[in-house]
Amino acid sequence: MRKSFVAGNWKMNTDVNSGVKLAEGVVSGCNDLAGKIDIAVCPPFVYLQQVGKALQTSHIALGSQDIYFEQKGAFTGEISASMLKDVGCTYAICGHSERRHVIGETDDLINKKVQAAITGGILPIFCVGELLDERKANKTAEVVTRQMKKGLAGLTEEKMAAVTVAYEPVWAIGTGLTATPQQAQEVHALIRKLLAEMFDRKIADTIRIQYGGSVKPDNARELMNQEDVDGLLVGGASLKADDFVAIVKASV
Ligand code: PGA
């Protein structure tokens with residue numbers, strides 16, 4: 001059985017005070033769920049420490065929205081795995097579609113980030129997903145297969161065990177357009193098949209695959225009911241404690 005895993009991606013939102021308040025709201029709302037579900041929140045880098053303090057006595061994990069693959073040195077503006085560990089991070093989102101398509105990250109760069117995260121003791125949440133034009137052109141499977149193969153290239157089975165995959169169709173992110181549960185399930189099943197081919201059956205059966213893209217309290221359960229949907233990566237709705245807690249509760 002795969003334990004459900006819901007993560008909140010706060011993106012470039014909140015300030016110190018509202019971030020801490022949001023984290024406190026998540027902690028109090030999810031208080032009674034320890035052991036039943038894995039939960040993480042991913043604030044902006046600059047608020048990790050303060051938000052981490054608010055999570056300290058809870059079972060809610062801290063995650064970053066990105067990571068750099070070098071360990072230290074002259075890489076202005078970048079943040080390494082050891083720095084993330086130092087401030088209490090458990091997870092790092094790698095290859096989010098906004099980093100792929102707004103910032104211009106490539107599959108190769110994302111692969112280095114995934115590798116560096118695992119080596120540095122950080123669990124990657126590795127994101128894949130097609131653009132609207134790619135879906136319209138029936139290229140979803142092709143795009144997701146390429147992102148999976150390149151992004152996870154060179155990982156051993158042992159290292160792969162640290163990874164959560166997140167399927168986030170780009171056309172569903174922040175648009176209010178959620179993939180239907182069937183559309184999500186179809187791609188999740190493809191991802192699991194790819195994991196079996198690229199690694200082995202055990203990895204395929206144990207790796208958690210999150211869905212992301214306009215997840216809301218009222219569609220979370222239906223998505224989670226799909227066989228291969230093991231969790232959710234929540235953007236906009238993770239900025240309101242009540243909504244995020246409702247999504248978590250619908251996912252237990
Ligand atoms: P959204 O974002 O829930 O606001 O669509 C999801 C994500 O980008 O992780």
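Before reading on, note that the structure itself is shown above.
Here's a quick rundown of the structure. Sequence order as written defines residue numbering, which begins from 1 separately in each chain. Only residues with pLDDT of at least 70 are given local features in this predicted model, and only at 80 or more are side-chain atom pairs given and counted; all residues enter the totals for whole chains, interfaces and linings. Side-chain calculation: all heavy atoms of the structure are included, whereas hydrogens and water are not.

### Examining empty space enclosed by the protein
Then comes step 1: Think of a 1 Å grid over the protein atoms and nothing else: a 1.4 Å probe that fits but is trapped marks a cavity, an open set flanked by protein within 12 Å on at least five of seven lines marks a pocket, and residues with an atom within 4 Å of a point count as lining. Grid points are joined across faces, edges and corners, and a volume is the space filled by probe spheres set on the points. Taken as a whole, this structure holds one cavity of 30 Å³ or more when the rule is applied.
Then comes step 2: Size it by volume and the largest cavity reaches roughly 30 Å³.
Then comes step 3: Numbering of helices and strands runs from the N terminus; a helix is a DSSP stretch of H or I covering at least four residues, while a strand is a stretch of E covering at least two. Elements supplying a minimum of two residues to the lining of the largest cavity: α4 (97-103) and β5 (123-128).
Then comes step 4: When grouped by side-chain class, the residues that make up the lining of the largest cavity number three nonpolar, five polar and two charged. In this count, Pro and Cys sit with the nonpolar residues alongside Ala, Val, Leu, Ile, Met, Phe, Trp and Tyr, while Asp, Glu, Lys and Arg are called charged and the others, Gly among them, polar.

### Digging into the site of the ligand
Then comes step 1: We call a residue near a molecule or strand when any one of its heavy atoms sits within 4 Å of it. The immediate surroundings of the ligand are formed by 13 residues, with Lys 11, His 96, Glu 168, Gly 174 and Ser 214 found nearest.
Then comes step 2: At 2.7 Å from an oxygen atom of the ligand is found a side-chain nitrogen or oxygen belonging to Lys 11.
Then comes step 3: For the ligand, an oxygen atom lies 2.7 Å from a polar atom in the backbone of Ser 214.
Then comes step 4: For the shell around the ligand, the residue count by class is four nonpolar, seven polar and two charged. Pairs of N or O atoms within 3.5 Å make up the polar contacts considered here, provided that, within protein, one atom can donate a hydrogen while the other can accept it, and that residues adjacent in sequence are counted only when both atoms are side-chain atoms.

### Points about the pairing of strand β7 (residues 209-212)
Then comes step 1: Buried means the residue's accessible area, taken with a 1.4 Å probe over protein chains only, is under 20% of the maximum for its type, while exposed means over 50%, and partly exposed covers the values in between. The side-chain alternation of β7 yields two buried faces, one formed by Ile 209 and Tyr 211 and the other by Gln 210 and Gly 212.
Then comes step 2: Here strand β6 (residues 164-167) pairs with β7 via three bridges, running parallel. Each bridged residue has a counterpart across the sheet, and for Tyr 167 the counterpart in β7 is Tyr 211. Any two strands with at least two DSSP-identified bridges between them are counted as paired.

### Re the layout of surface pockets
Then comes step 1: Taken as a whole, the largest pocket encloses approximately 420 Å³ of empty space.
Then comes step 2: Around the largest pocket sit 15 residues that line it, and Lys 11, Met 12, Gln 65, Asp 66 and Arg 99 are the ones nearest its centre.
Then comes step 3: If one sorts the elements of the lining of the largest pocket by residue count, α4 sits on top with four residues.
Then comes step 4: Residue composition of the lining of the largest pocket, by class: eight nonpolar, three polar and four charged.

### Regarding the environment of Thr 180
Then comes step 1: With respect to the element layout, Thr 180 can be found in the loop between β6 and α9 (181-198).
Then comes step 2: Exposure remark for Thr 180: the relative accessible area of 33% places this residue in the partly exposed category.
Then comes step 3: Along the primary structure Thr 180 and Asn 219 are separated by 39 residues, whereas in three dimensions their C-alpha atoms are 9.2 Å apart.

### As for the packing of helix α1 (residues 16-29) against helix α12 (residues 241-251)
Helices that pack against each other are described as a pair by the angle of their axes relative to one another and the distance between those axes.
Then comes step 1: Contact pair α1 / α12: the axes reach a minimum separation of 9 Å and the direction vectors enclose 35 degrees. Taken as a pair, α1 and α12 cross one another with a handedness that is right-handed. Counting all contacts with α1, which are made through Leu 22, Gly 25, Val 26 and Gly 29, the residues of α12 involved are Ala 241, Phe 244, Val 245 and Lys 249. Helix axes are fitted to C-alpha atoms over the stretch in contact, other axes to C-alpha atoms as well, and angles between N-to-C directions run from 0 to 180 degrees. The handedness criterion is simple: a crossing whose near helix is rotated anticlockwise from the far helix by less than a right angle is left-handed, and one whose near helix is rotated clockwise is right-handed. Any two residues whose heavy atoms approach within 4.5 Å are treated as being in contact.

### Focus: the packing of aromatic side chains
Then comes step 1: Each Phe, Tyr or Trp ring, with Trp reduced to its six-membered ring, pairs with another whose centre is within 6.5 Å; inter-plane angles below 30 degrees give stacked pairs, above 60 give edge-to-face pairs, and intermediate values give tilted ones. The full count for this structure, using the stated rule, is four aromatic pairs.
Then comes step 2: Between Tyr 68 and Phe 69, the ring centres sit 4.6 Å apart and the planes meet at 35 degrees, which makes this aromatic pair tilted.
Then comes step 3: The class of Tyr 68 is buried, set by a relative accessible area of 16%.
Then comes step 4: The class of Phe 69 is partly exposed, set by a relative accessible area of 22%.
Then comes step 5: Relative to Phe 75, the ring of Tyr 68 has its centre 5.5 Å away and its plane inclined at 45 degrees; by these criteria the two rings are tilted.
Then comes step 6: A connected cluster of aromatic rings, assembled from ring pairs, spans Tyr 68, Phe 69 and Phe 75.

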